[in-house]
Amino acid sequence: MDGAEVMSGMSEVGLPLPPPPPVPPGAFPAISPGYEKALPPSGLNREPNEGHTGHDGTPKGASGSSAPISPALARIPLPKKATRPSFGKLGRPSKLCMNHFKTSIVKWDDVYQYSVSIEPSVKDKKQCREIMKKLRETYGEAECGGKQGAYDGENCLFTSGSLSFNTKEFPVFLEDSKGSSYRPGDRDGKTGDSTSTHSPTGQEVFPKRRKTVSRGREFSVKIEFAATIRMKVIDDMMKGVMGKGDLDQETRALDALRVLDIVLRENASERGYLLVRDNFFHPELGPVGDLGEGVEAWRGYHSSIKPTGLGLTLNLDVTMTTILKPITVEKFLAEYFGVRDLNGLQARNWTKAKSILKGVKVETTHMSVSREHKISGFSDRAIRDLKFSRRVKDGEGNIGEEEISVQQYYSDVYMYTLRFPDLPALVSGNKKKATFLPLELCKIIAGQRYTKSLSSKQRQLQIAACKQSPQERQRICENLEFGHGRTEEPRDGRWNFNQKELKQGARIDTWAVAIFDGRCSDGQRIAESLVDCCCKRGMQMRQAAIVEKEPPSSQRFSPEQRVERMITALKQTKPVFILVILPDKDSPIYVPFKRFCEMKIGVVSQCMVKPRQLNDQYLGNLALKINLKMGGFNSPLSPRMVSCLGPSTIIFGMDVSHGSPGESSVPSIAAVVATKNWPDVFHYSTQVRIQPAKTEMIEGLHDSKGGMVKECLKAYYISCRSPNYRKPTQIIVYRDGISESQFAECLEVEFTAFKRACAELEEGYNPGITFIVAQKRHNTRFFPQGPDNQMRNGNVLPGTVVDKDACHPHNYDFFLVSQAGLIGTSRPTHYHVLVNENKLSPDDIQGLTNNLCYTFGRCTTSVSMAAPAAYAHVVATRYRKLVDTMGGGSDTSSFRSSKEGGAPKPPFPDLPVLKIKPEHSMFFC
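Predicted model, so just to flag it, every value in this text is computed and none were measured.

A full pass over the atoms with the stated rule returns 31 salt bridges. As a salt-bridge pair, Lys81 and Glu250 come within 3.1 Å of each other at their nearest N and O atoms. Note that Lys81 is positioned in the loop between β1 (2-15) and β2 (92-105) and Glu250 in helix α3 (residues 247-270), a separation of 169 residues in sequence. The pair formed by Lys81 and Glu250 is uniform in burial state, with each residue classed as buried. Here Asp236 and Lys232 are joined by a salt bridge, their closest N and O atoms 3.6 Å apart. Residue Asp236 and its partner Lys232 are both found in helix α2 (residues 232-238); the two are separated by four residues, about one turn of the helix. Overlapping salt bridges bring together Arg230, Lys232, Asp235, Asp236 and Lys239 as one network.

Attention now goes to the pairing of strand β3 (residues 111-119). As defined by bridge partners, β3 adjoins strand β9 (residues 216-229) across nine bridges and the pair is classed as antiparallel. If you follow Val116 over to β9, its bridge partner there is Ile223. Note: β3 against strand β5 (residues 156-159), four bridges, orientation antiparallel. The partner of Tyr112 across the bridge, within β5, is Thr159.

What follows deals with the packing of aromatic side chains. Summed over all chains, the structure comprises 25 aromatic pairs. Ring centres 5.4 Å apart and planes at 75° place the aromatic pair Phe388 and Tyr409 in the edge-to-face group. One end of the pair, Phe388, is in strand β17 (residues 387-393); the other, Tyr409, is in helix α6 (residues 406-414), with 21 residues separating them in the sequence. Between Phe516 and Phe593, the ring centres sit 6.0 Å apart and the planes meet at 80°, which makes this aromatic pair edge-to-face. One end of the pair, Phe516, is in the loop between β25 (511-515) and α9 (523-536); the other, Phe593, is in helix α11 (residues 590-601), with 77 residues separating them in the sequence.

Right, let's get into the sheet that holds strand β19 (residues 424-428). Ordered by their spatial adjacency, five strands build an open sheet running β20-β19-β16-β15-β21, and the pairing between neighbours is antiparallel. Strand pairing shows two members of the sheet lacking a second neighbour, β20 (435-437) and β21 (442-444), which therefore form its edges. Strand-to-strand twist across the sheet, computed as the mean angle between neighbouring axes with direction ignored, equals 50°. One ladder, built from three bridges, connects strand β15 (residues 361-364) with strand β16 (residues 372-382); its direction is antiparallel.

Further remarks concern a nonpolar patch on the surface. Taken together, Ile463, Leu822 and Ile823 make up a surface patch of nonpolar side chains, about 290 Å² in accessible area. As for its position among the elements, Ile823 is in the loop between β37 (813-817) and β38 (829-836).

Moving on, we get to the sheet that holds strand β29 (residues 604-609). One open sheet holds the four strands; their spatial order is β27-β25-β28-β29, and the pairing between them is parallel. Edge positions in the sheet fall to β27 (546-549) and β29, since each of these pairs with one other strand and no more. Across the sheet, the axes of successive neighbouring strands diverge by a mean angle of 20°, strand direction being ignored. Along the sheet, α11 makes contact with β25, β28 (577-582) and β29, crossing β29 at roughly 165°.

About the thresholds
- Every chain's residues receive numbers from 1 upward, in the order its sequence appears when written.
- A pLDDT threshold of at least 70 governs which residues receive local features in this predicted model, and a stricter bar of 80 or more applies before side-chain atom pairs are shown or counted, although totals over entire chains, interfaces and linings include all residues.
- Only hydrogens and water are removed before side-chain values are computed, so all heavy atoms of the structure are retained for them.
- Should a side-chain nitrogen of Lys or Arg be within 4 Å of a carboxyl oxygen of Asp or Glu, the pair is scored as a salt bridge.
- Numbering of helices and strands starts at the N terminus; helices are DSSP runs of H or I of at least 4 residues and strands are runs of E of at least 2.
- Each residue is placed in one exposure class: buried if its accessible area under a 1.4 Å probe, protein chains only, is under 20% of its type's maximum, exposed if it is over 50%, and partly exposed if it falls in between.
- A pair of strands is considered paired only if DSSP assigns at least 2 bridges between the two.
- When two rings of Phe, Tyr or Trp (its six-membered ring) have centres within 6.5 Å they constitute a pair, described as stacked for plane angles under 30 degrees, edge-to-face for angles over 60, and tilted for the intermediate range.
- Angles shown run from 0 to 180 degrees and are taken between the N-to-C directions of axes, each axis being a line fitted to C-alpha atoms and, for helices, limited to the stretch in contact.
- Only residues above 30% relative accessible area that lack a salt bridge enter a patch, with like-charged residues linked at up to 9 Å and the nonpolar side chains Val, Leu, Ile, Met, Phe, Trp and Tyr linked at up to 5 Å.
- Using a 1.4 Å probe, the Shrake-Rupley method yields the accessible areas, and only the shown protein chains count as cover for residues.
- It only takes one pair of heavy atoms within 4.5 Å for two residues to be counted as in contact.

Now the structure itself:
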């Protein structure tokens, strides 16, 4: 590994700052890491789970259950957050430059925080900012003394001096930007025309009055003094001594630093940029990339204030986000599904379309004054069959009801003939007051983020659009053991697997090939080539018992029916493994096939897309995955690479997968993996739980039924190959997906769950825990200086560690670039050591973390994150696909802490029980 001396961009930035806003309610845990609190324990009164996957349909949370309190569990003290003991010393130093710029604060004056409440309630941050902008324009000088302040878009306003009042309400009238109002019945949408029209029978029609906000809307804004933020606390924290950080001071400094970030966002908001946390996007900030399927990519930048060893710095980086194209819904659907005629779409396509477009804002195009609507779905009938009632007046002046079809309505009122009368209509509003809109007359409003998962083709185009070499980006802002004792020295984060055998090859007797690709006519040859490759690498694999190709007639069935028909054809041979050949990476067969194999028949499967050239390298990578899934060992770490682990150590990886933004009813999925078969650090047992939506803290680590930690410890005990060390003396945890503001809550909920699980297994059992958080969602980048410190493409060398200058002045953190970045600029992983009871040195933790990046069994390269955390991410994402037919889950990230309030959490279904055998616990690879 390489140690690194880091230089930041040396531009001095003076920031005349208004007072920083206090942290919004609920953003930070109420209990600091140093606070000790007695937590109720959980008991365990059951036998170990037989399967490798546990589940508790109604998690009670990590903080306790109704089990009797034993003396060992009566008090679980929270540890003090670890501080940096020293710096790493191994490796050779190298010089890097980073995208941080030294920043100086002009004044350390206190900042005044005011709470803001808007009635009626508004959830859209953009509209909240418009309301506050209007308030400033109307009352700024007279009531606020000309102080603009910085507004966070929700409920906090910060000013550099106090306002002339403690609390005050302001009436604000926000005009509609779309212009004049329109009511159904207005001709061509023009106000001033006759308020009535005539039905085909000659009767005069009076449209129903409906409330509109197009002319404007009145709000009541209440501003009330909340607190005073002491900005000098940032400077006090920065001047502290290494290893002696004041945790209370650090918490208050985080509040003050957050104010500075809000000031930066306020400036970007005034420029009309799209704000996504600390990232700002606009089509004028760079070329817009076409990703296909109705999606485009906008460039932008990230900015935030960071405390580092160099002092206070401004972190600047270029970034990109995905945006829905501002086109008609008709064109979007045609582009998304790759069709010319929408009449050919099937029912499952419309279900998919609803999941993609739900919540998207559209504007009408058939009127001179457009109206804005939010899509809630599609009608269950064709638009020609949809009818509604309207009031009509006959010749004698009597008012009655007339039923008219939507198609006839558009013909009578707008003289427009619908082009797609056989297609569903867009539905806006709720069920009681639904509005039906022809999809060809609705255009997607510009600037809306696309938050769904990208297809393989879109990901490739996104990478091509945003890749930048380190030089371009800068201008803009160890040993493995194989079979028979052979070793390989990785170079540039890669190693050659050719002419080498696996550490322990798996045995595969009866297996089958299922072909869903109609273009594949050489399935038998592929099977024979795979057998030859696997056997050369030390596996024992017979020839395929059956090679079954799906007949063309089956493609008219649903994906689930096609899978079931294929399994029926294969089951006569009773295969223990199935190789699946798919037509493309986004095939609708993938999820149903995995679900059927893992939930119904308990068979391991491996999917592939036939490459252009079936060479030994491709088959070798396939053999790695198959061997690992079937219980074999590929290339575990050699003993000397894990010498810091002691006589018996279990390593955990943890992550949580959430639903897409805005899907508050979609439950979160928590995944925990843990090493087994000690002393090898290669195989993992898995535990998965379902928990309330957007809950980041893992609630099922310890509960009344045992919990995830206890089940993993039992799996370790059963599989341990060192009989004298079946109980781990050390526990190391790699936790993915939480932010700095959640560290205290993580210790309170998750760390104590580990302690309680151990104490309940055996009285007095208290192994040391080293708890490490891994973060990929940050914007620090490193640029090597000099040819000896970089790869051929200009990226930093894999194994580069940065634990000074760029890191926190007191916290125990470091950056690690473990992967060989082949495209673009390598993103380092930011590791935070929250607890270090095992007293591992910086060299021990950094070396172990880097070595674990080489044990990800699916490839012959090092990965960007320690394998335990990477595996937990894979498991959580895998279960998301198994339980969500549409694959609506997003990448793991923190949306809401488990302590936040909100609406009552809806009930959620139980996780499916898998039928995979325990020895095939790596089935997810």
